[in-house]
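A look at the structure
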Amino acid sequence: MNKYQLKLFSSILCVGFSLHANAQVNAADSVMNHVSGNKLSIGGYGEVTYSRNYYSDNGNRYNQPEKYKNDPSHGRFDIPHAVIYLSYDFGKGWKFGSEIEFEHGGSGSSIEYEADEAIEYENETERGGEVELEQFWLQKTFSRAFNLRMGHIVVPFGLTNAHHEPLSFFTIYRPEGESTILPCTWHQTGVSLWGKVGKFRYETQLLAGLDAYHFSRSNWIQGGAKSPFEFDVANKYAVSVRLDNYSVPGLRLGISGYYGQSMHNSVPHDMEYGEAKKIKGNVWLGAFDFTYNKYNWIARGNIDYGYVSDADKITGYVYPNTSNVKPYESGNGKYFGSHAVASMIEVGYDIFSQIAKLRADKQKLYIFGHYEYYDSYVHATSKQWTNRNIIAAGVNYYPLPQICIKGEYHYRNLKSGYNDEPSINIGVTYEGFFL
């Protein structure tokens, strides 16, 4: 898989483990793309990372930045994602696909740091976010242009959700902007109609709406797709659409959109009284993204913008009451922004492509640069730590197409008055099918 170089930043050693995947393919289709075409396909991907963060990890570091300016660095090992793919072709156009994801080592009792809940440590058994059934669907293919998929599916909004596998980005962790303000990987139960017509691929989805009770200042609508119950509440609905174009060899251009109502989608119906009944919490999202993969260069980028109506009313009605509506918890502070933005560009170049022996052995070494800007609270009346710029640079080494060793220097720049957050990250990852 080819990649590009952006020489905007100083490069630092980066070693990571990644799987060879076609940058032109949506991750939502990954379980369907087994190279040998077997009826039964088994595969997956995984990541192991180490980070050394040269900034404070105290939960009050944004409230009192001067107090924590000189705190010592801290390090951590992690397994962000370990995923198993399983799919089966029944014949006559019927296919089954599934994806089971273990996040951060899986489920179990642990001490968890809750910065959004009064800066406390909790001993709990994790449910959502630790072991998840990320995909589980049946598909009927009528033609290349018409496929009906029903079940638990990936919502391919933006770049990262549609291409979330570890060989689809240079950095150790998924791009920070989209994974901060949006559910990521965004997966919900619903119905999808998709197909390929000429140089275009389209997808439309009908899904349950998000839940405003899980919106927050720091992560915007990220938590809205999660349910604390044994089922997904579907009192309100949403639609998602995506269109990709492949007219230029090596280039994919994509646009995506989402619309849905987020209030009155809990159990029991929230705020079903007085003026609160008029709060809609309509979520509008739009994104453009691209991937270019040719001539030993890879470039990727995206820009996402979103709006939630009645944000001030959500702040006024929802957060003061959520502490009394278990199992809901209040958001990060009582504030929630109406607008959010995330943008990213990264470019890498395979320097091993210029060395005949390494090129023949299919080894690759990408040197890359990466930049992001995002803000989960765009129209804050005062300066906020939610406004961030990310600069990263490093390397991706592929000893085999399915394995990558990554390393990067990562620098998070916050607005004046807050402390910047540099780190060094190393990771190994794999991605592929085993059967």
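For the structure, check the block above.
Below you will find a few notes about this structure. Sequence order as written defines the numbering, with residues in each chain counted from 1. In keeping with the predicted nature of the model, local features appear solely for residues at pLDDT of at least 70, side-chain atom pairs appear and are counted solely at 80 or more, and the whole-chain, interface and lining totals rest on all residues. Hydrogen atoms and water are omitted, and side-chain values are computed over all heavy atoms in the structure.

**Some details on the overall build of the chain**
Broken down by element type, the chain carries 5 helices and 20 strands. By the convention used here, residues are in contact when the closest approach between their heavy atoms is within 4.5 Å. For the chain, contacts bridging at least 24 residues in sequence account for 71% of all contacts bridging at least 6. The method behind every accessible area is Shrake-Rupley, applied with a 1.4 Å probe, and residues are considered shielded solely by the protein chains displayed. For the chain, the exposed surface amounts to about 19000 Å²; the carbon and sulfur share of it is 59%. Segments assigned H or I by DSSP are reported as helices when at least four residues long, segments assigned E as strands when at least two residues long, and all are numbered from the N terminus.

**Thoughts on the packing of aromatic side chains**
The criterion for an aromatic pair is that two Phe, Tyr or Trp rings (for Trp, the six-membered ring) have centres within 6.5 Å, with stacked assigned to planes under 30 degrees apart, edge-to-face to planes over 60 apart and tilted to the rest. Per the stated rule, a full pass over the model turns up 17 aromatic pairs. A centroid spacing of 5.0 Å and a plane angle of 75° characterise the contact between Y88 and F90, whose relative ring orientation is edge-to-face. For the pair F170 and Y366, a centre-to-centre distance of 6.0 Å together with 45° between the ring planes defines the contact as tilted. One end of the pair, F170, is in the loop between α1 (158–162) and α2 (176–181); the other, Y366, is in strand β17 (residues 364–375), and 196 residues separate them in sequence. Comparing F170 with Y366, the two get one shared label, buried. The structure contains a cluster of three or more aromatic residues connected by ring pairs, namely F170, Y366, F368 and Y398. Partly exposed residues are those whose accessible area sits between 20% and 50% of the maximum for their type, while under 20% is buried and over 50% is exposed, using a 1.4 Å probe and protein chains only.

**Brief notes about the pairing of strand β19 (residues 403–414)**
Both faces of the sheet carry side chains from a regular strand, because those side chains alternate between them. As defined by bridge partners, strand β18 (residues 387–400) adjoins β19 across 11 bridges and the pair is classed as antiparallel. Bridge pairing in β19 links A392 to H410. The criterion for strand pairing is that DSSP finds at least two bridges linking the strands in question. What sits between β18 and β19 in their antiparallel hairpin is a turn of 2 residues. The pairing of β19 with strand β20 (residues 421–433) spans 10 bridges and is antiparallel. Pairing of Y411 across the sheet is with P422, part of β20. Linking β19 to β20, which pair antiparallel, is a turn of 6 residues; within it G417 sits at a positive phi near 110°.

**Observations regarding the pattern of salt bridges**
Any carboxyl oxygen of Asp or Glu that lies within 4 Å of a side-chain nitrogen of Lys or Arg is treated as forming a salt bridge with it. Taken as a whole and judged by the stated rule, the model has 10 salt bridges. The network of salt bridges with shared partners includes R61, E176, R412 and E421.

**Concerning the environment of E178**
Mapped onto the secondary structure, E178 falls in helix α2. With a relative accessible area of 2%, E178 lands in the buried category. Sequence separation of E178 and S343 is 165 residues, and the distance between their C-alpha atoms is 7.9 Å. Leaving out residues up to four positions away in the same chain, E178 has contacts with G158, L159, T160, C184, N302, D304 and A342. Pairs of N or O atoms are called polar contacts if they sit within 3.5 Å, as long as, within protein, a hydrogen donor faces a hydrogen acceptor (for residues adjacent in sequence, only side-chain-to-side-chain pairs). There is a polar contact of 2.6 Å between the side chain of E178 and the side chain of T160.

**Structural notes on empty space enclosed by the protein**
Definitions used throughout: a 1 Å grid over protein atoms alone; a cavity as a set of points that fits a 1.4 Å probe which cannot get out; a pocket as an open set with protein on both sides within 12 Å along at least five of seven lines; a lining residue as one with an atom within 4 Å of a point. Grid points are joined across faces, edges and corners, and a volume is the space filled by probe spheres set on the points. Under the defined criterion, the tally for this structure stands at 4 cavities of 30 Å³ or more. Roughly 110 Å³ of volume is contained in the largest cavity. Taken together, 16 residues form the lining of the largest cavity, with G209, A225, K226, S227 and V233 sitting closest to its centre. Under the scheme applied, nonpolar residues are Ala, Val, Leu, Ile, Met, Phe, Trp, Tyr, Cys and Pro; charged residues are Asp, Glu, Lys and Arg; polar residues are all the others, including Gly. Partitioning the lining of the largest cavity into residue classes produces 7 nonpolar, 6 polar and 3 charged.

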